[in-house]
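Residues per chain are reported as follows:
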Amino acid sequence: AFHPYLPPGVKVAVQAAVPSFHGEPEAHGAMLERLRQWNRDLRPEPWFDAVTLHFYPRLNEVVGRGAAEDPISPHIARRNLRVLLGRVDEGTDVALREVARCVPGKELWITEWNPAGAEGAGKANRAETTTPAMMLQLVTRMTLAFLRHPQVTIVQFFSIRFKPDDPKCMFLSGAGGYHPVPVAVALRWLNEAANGGA
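Values in this document were obtained by computation on a predicted structure and should not be read as measured data. (Residues numbered from 1 in each chain as written. Predicted model: local features only at pLDDT ≥ 70, side-chain atom pairs only at ≥ 80, totals over all residues. Heavy atoms only, no water.)

*Asks:* I'm lost on the packing of helix α4 (residues 74–102) against helix α5 (residues 132–147) in this one. Help?
*Replies:* In a pair of packed helices, the angle between the axes and the distance between the axes together describe the arrangement. Running from N to C, α4 and α5 point in directions that differ by 10°, and their axes come no closer than 9 Å. Taken together, the axes of α4 and α5 lie roughly parallel to each other. Of the two elements, α4 crosses α5, and the hand of that crossing is right-handed. Contacts between α4 and α5 involve Ala77, Asn80, Leu81, Leu84, Leu85, Val88, Asp89, Thr92, Asp93 and Leu96 from the former and Met134, Gln137, Leu138, Arg141, Met142, Ala145 and Phe146 from the latter. Across the contact of α4 with α5, the residue classes tally to eleven nonpolar, three polar and three charged. (Axes fitted to C-alpha atoms, helices over the stretch in contact; angles between N-to-C directions. Helix = DSSP H or I, 4+ residues; strand = E, 2+ residues; numbered from the N terminus. Parallel < 35°, antiparallel > 145°, perpendicular 65-115°, else oblique. Left-handed = near helix turned anticlockwise from the far one by under 90°. Contact = heavy atoms within 4.5 Å. Nonpolar A, V, L, I, M, F, W, Y, C, P; charged D, E, K, R; others polar.)

*Asks:* Please clarify how the side chain of Arg79 should be interpreted in this entry.
*Replies:* Within the fold, Arg79 resides in helix α4. Of the polar contacts made by the side chain of Arg79, one reaches the side chain of Asp70; its length is 2.7 Å. If we skip the residues at most four places from it in the chain, Arg79 touches Val63, Ala67 and Asp70. (Polar contact = N/O pair within 3.5 Å; in protein donor to acceptor, adjacent residues only side chain to side chain.)

*Asks:* Hey, could you run me through the environment of Phe48 in this one?
*Replies:* Structurally, Phe48 is set in the loop between α2 (30–40) and β2 (50–55). In this view, Phe48 contacts Val12, Val14, Arg43, Val103 and Lys106; residues no more than four positions away in its chain are not counted.

*Asks:* Teacher, can you tell me more about the layout of surface pockets here?
*Replies:* It is the rolling of a water-molecule-sized probe over the atoms that shows where space remains empty. Of the volumes computed, that of the second largest pocket is approximately 420 Å³. Along its surface, the second largest pocket is lined by 16 residues, and Thr143, Val155, Asn191, Ala194 and Asn195 are the ones closest to its centre. When its residues are assigned to classes, the lining of the second largest pocket shows eleven nonpolar, five polar and no charged. (1 Å grid on protein atoms, 1.4 Å probe; cavity = no way out; pocket = protein on both sides within 12 Å on 5 of 7 lines; lining within 4 Å. Points joined across faces, edges and corners; volume = space filled by probe spheres on them.)

*Asks:* Just to check I follow, could you spell out α4 for this structure?
*Replies:* Residue pairs three or four apart in sequence face the same way in an α-helix, which turns once every 3.6 residues. The terminal C-alpha atoms of α4, which comprises 29 residues, lie 41 Å apart, in line with the 42 Å expected from a rise of 1.5 Å per residue. A bend of about 35° at Gly91 is the largest found in α4. (Expected span 1.5 Å × (residues − 1). Bend = angle between axes of the 7 residues up to and from the residue.)

*Asks:* Whenever I open this one, the nonpolar core confuses me. Can you help?
*Replies:* Counting 39 residues, the largest nonpolar core has Leu53, Phe55, Leu108 and Trp113 as its most contacted members. Looking at this core, the elements with two or more residues in it are β2, α4, β3 (107–113), α5, β4 (152–157) and α6 (182–195). The biggest single contributor to this core is α4, with eight residues. Discounting residues that sit within four places of it in the chain, Phe55 has contacts with Val18, Phe21, Thr92, Ala95, Leu96, Ile110, Glu112, Trp113, Asn114, Met142 and Phe146. (Core = buried A, V, L, I, M, F, W, Y, C linked by side-chain atoms within 4.5 Å. Buried < 20%, exposed > 50% of the residue type's maximum accessible area, 1.4 Å probe, protein only.)

*Asks:* Honestly, the sheet that holds strand β1 (residues 13–15) in this entry has me stumped. Any pointers?
*Replies:* Strands belonging to one sheet form pairs held by backbone hydrogen bonds; the direction of such a pair is parallel or antiparallel. Read from one edge to the other, the open sheet built from four strands follows the order β1-β2-β3-β4, with strand pairing classed as parallel. The sheet is open, and its two borders are formed by β1 and β4, each paired with just one other strand. Sheet twist, expressed as the mean angle between neighbouring strand axes with direction ignored, is 25°. Relative to β4, β3 runs parallel, the two sharing four bridges. Bridged to Trp109 within β4 is Ile154. (Pairing = 2+ DSSP bridges.)

These values are about where atoms sit, not about what they do.
Structure, rendered in structure tokens:
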């Protein structure tokens, strides 16, 4: 709903980019430059209330091309966790401050986010780049980064899946029904703390 003639009370949002989240300031390339220009052109127009953003750290952007395909070993897992923690913490802060400066007075809605660091979601035979314990840390750290910014009023994790054969499944079947993986427990706890059970 991006039309300026919506009924009163309906909130309207425009999409912003997060180029600093996907590439270092000195990174070049036509796509990154287009994203930077998109944000430079953002203005707090009266016909919209909020700006939406998507946050997905990608190992190939943070570490270098091919990093997401490295087979998991203790060394690679430590590397992935270290670089992803930095990106979801400080990188999130930088990107949110950049967008907030462009649109003062507007809400920021994180309508999609997931810190898994994966590339090519949905491709067959992709190795996982993070373990459940790593995801618990990453999700918690990224949520706390969002909470540091009062302009952020909506945060929607993507995605909560129930397919048991999916490596991104958030609930596993077992005795007595479905049981949450660590990330689902963290998301529930953070939601209840922030929203009072809503």
